[in-house]
Amino acid sequence: MDTQLEPAIAAMVADFIAAGRPRASSLSWQARREGYLASAVLGGKREEVGAVEEWQHGHYSIRLYQPAPTSSASRPALIYFHGGCFVSGEFDTHDRQMRMLCNRAEALVFAVHTRLAPEHTYPAAHDDALAATLAIMADVEKWHGDPARIALAGDSAGGHLALITTLRLKERGAPLPAAQLLIYPMLDATGGSDSYRQLGDDYLITRDMLLSGFHAYLGEQPVTHPEASPLHHPDLSGLPPTHIVTAEYDPLRDEGEAFYSKLLQAGVTATCQRQLGVIHGFFQLAGVSPAARQLIEQLSLLIRRL
């Protein structure tokens, strides 16, 4: 299958190749973070929401987006972990998407920021994600959120964090979210799939960028450890309904789809869609990508139906 890229994404890929495919691993961590933040304008319009508040507790921070008041007694809630290959990303890299989800789903959206590598290695981000989730789940009714209608979600490294958090909740015997929404999650730190080999060089988010992020975060942790590569986790049974989104031109495509198969084998209710014509990171391109706009609408509908 040889699908075309969406026009705006095709132009971005052409520019990247023309620039000599610059290597993310040759940049400073600060440059990677600043570059990611600079791309946030591609997310489209920054919509107004009912209210935004932000706080820090321990090592993690939360930004809560609340929709405009309605007569609804209680709302669904989304706990969201941002991408950035474990080394970058912040509230403002994902602000536009969180506002869109808040408005369209009429949901509380808790954006969680965990410690970044290389300053903080495994298990820092995993521990922060779990601590934040437990705190939000315990207090969600304070904001008129429905504890039975909470979804965990994230893109890329954030999808990894959402999944590991749910697995850790299960191991503790704690209440599980009603659903998981995993957007092209980073699930295999070995980078051994066919899509890593075939799509790892040309499509902006490269093999080098992904694996250098994994390496910076994992430190001495073996890449085969179940919390490093949850694609190979020994026990996926008992997880909540899970929706996975993959992208046609993404090095992570195959591991996301392989994980879907493993969920089915474990008896988990799961769905998976491959979006054609787009690359890793397309969720954040609603300003230029029809597929990104459609995905935001679709995720909003899934959240409303929790």
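Residues numbered from 1 in each chain as written. Predicted model: local features only at pLDDT ≥ 70, side-chain atom pairs only at ≥ 80, totals over all residues. Heavy atoms only, no water.

Caption draft 1: Here's a closer look at the sheet that holds strand β1 (residues 51-57). One open sheet holds the eight strands; their spatial order is β1-β2-β4-β3-β5-β6-β7-β8, and the pairing between them is mixed. On the outer flanks of this sheet lie β1 and β8 (270-279), each paired with one strand and no other. The mean inter-strand angle of the sheet, taken between neighbouring strand axes irrespective of direction, is 20°. As defined by bridge partners, strand β3 (residues 75-81) adjoins strand β4 (residues 108-113) across five bridges and the pair is classed as parallel. Pairing of Leu78 across the sheet is with Val109, part of β4. Helix-sheet contacts for helix α3 (residues 95-105) involve β1, β2 (60-66), β3 and β4, and the interaxial angle to β2 is about 40°. Helix α9 (residues 290-304) rests against β3, β5 (145-155), β6 (179-183), β7 (242-249) and β8 of the sheet, and its axis sits at about 170° to β6. (Pairing = 2+ DSSP bridges. Helix = DSSP H or I, 4+ residues; strand = E, 2+ residues; numbered from the N terminus. Axes fitted to C-alpha atoms, helices over the stretch in contact; angles between N-to-C directions. Contact = heavy atoms within 4.5 Å.)

Caption draft 2: Main features of empty space enclosed by the protein. This structure, assessed with the given rule, holds two cavities of 30 Å³ or more. In this structure, the largest cavity occupies an estimated 80 Å³ of space. Around the largest cavity, the lining residues are Phe81, His82, Gly83, Phe86, Ser88, Val112, Thr114, Arg115, Leu116, Ala125, Ala157 and Leu161. A per-class count over the lining of the largest cavity returns seven nonpolar, four polar and one charged. Its boundaries defined by the atoms lining it, the second largest cavity holds a volume of some 30 Å³. Contributing to the lining of the second largest cavity are Tyr80, His82, Glu90, Phe91, His94, Met98, Ala111 and Val112. Class assignment for the residues of the lining of the second largest cavity results in five nonpolar, two polar and one charged. (1 Å grid on protein atoms, 1.4 Å probe; cavity = no way out; pocket = protein on both sides within 12 Å on 5 of 7 lines; lining within 4 Å. Points joined across faces, edges and corners; volume = space filled by probe spheres on them. Nonpolar A, V, L, I, M, F, W, Y, C, P; charged D, E, K, R; others polar.)

Nothing here speaks to function; it is geometry throughout.
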